[in-house]
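# Notes for the structure review
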Amino acid sequence: MYATITASSANVFGPRSSGNMYRQIGLETGVSGASPHQLIGMLLNGALEAIAQARGAIKAKQIEAKCKAISKAVSIVDEGLKASLDLKTGGELAANLNDLYAYVTTRLTQANLHSDDAALEECANLLGPLRDAWSSIGSGNAEQARTTHL
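Residues numbered from 1 in each chain as written. Predicted model: local features only at pLDDT ≥ 70, side-chain atom pairs only at ≥ 80, totals over all residues. Heavy atoms only, no water.

## Considering the overall build of the protein chain
Note the cut-off: Only DSSP runs of H or I covering at least 4 residues are called helices, and only runs of E covering at least 2 are called strands; the numbering of each starts at the N terminus. Categorising residues by exposure relies on relative accessible area from a 1.4 Å probe, with only protein chains included: less than 20% of the type maximum marks a residue as buried, more than 50% marks it as exposed, and the intermediate range marks it as partly exposed. We call two residues contacting when some pair of their heavy atoms lies within 4.5 Å. Note on areas: Shrake-Rupley with a 1.4 Å probe; residue coverage comes only from the protein chains shown.
Looking only at helices and strands, one finds 5 helices and 0 strands in the protein chain. In sequence order, the secondary structure elements of the protein chain are arranged as α-α-α-α-α. Looking at the protein chain residue by residue over its 150 residues, the buried ones come to 28%. Contacts in the protein chain between residues at least 24 apart in sequence constitute 58% of all its contacts with a sequence separation of at least 6. Accessible surface computed for the protein chain: about 9,900 Å², of which carbon and sulfur atoms make up 58%.

## Digging into helix α2 (residues 36-59)
Residue pairs spaced three or four apart in an α-helix point in one direction, given the helix's 3.6 residues per turn. Put simply, the rule is: Helices are assigned an expected span. That span is 1.5 Å times one less than the residue count.
The end-to-end C-alpha distance of α2 is 35 Å, a good match for the 34 Å that 24 residues give at a rise of 1.5 Å each. The set of residues buried in α2 consists of Ile40, Gly41, Leu44, Gly46, Ala47, Leu48, Ala50, Ile51, Ala54, Ala57 and Ile58. Lysine 61 occupies a position one or two residues after α2 and carries a positive phi of about 55°.

## As for the confidence of the model for the protein chain
Cut-off, in case you're wondering: Note: pLDDT gives the predictor's confidence per residue, expressed from 0 to 100.
Per-residue pLDDT for the protein chain has a mean of 81; in total, 70% of the residues score no lower than 70. For the stretch residues 1-23, pLDDT sits under 50, and the model shows 7 contacts to residues farther than four places along the chain or on other chains. Across residues 142-150 the pLDDT falls below 50, and counting only partners more than four positions away or on other chains, this stretch makes 0 contacts in the model.

And the structure:
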């Protein structure tokens, strides 16, 4: 009893849904095998992707898509990034990130209320360098670990 998608069953879902299913499976697989460092990178990427989608929706005057994308970005920042901070042992860095995430959440909410592309751009400009720095930290650690073990 194996589940397969045949040509006829794929039509039930439609090409778009089948692609979404595969993306969801890929995401779940990536999350389950990811290190805590990789998970934060995935959250930052997800927030930036949602912001980009919201900006596109504003330009296309798609209010529902804008609201959905901004809500997703707010959830990622607030429930993912901000919630992952350890404020007790993280010191000044954790406190600064907490403040940054609170500010980004506020600006995202304002962008949603006013369809403010500039506010979305500001959020992307705040999170983008953080994501890039986070990625370089991971790359450096992997390279250092490889060098140490050789």
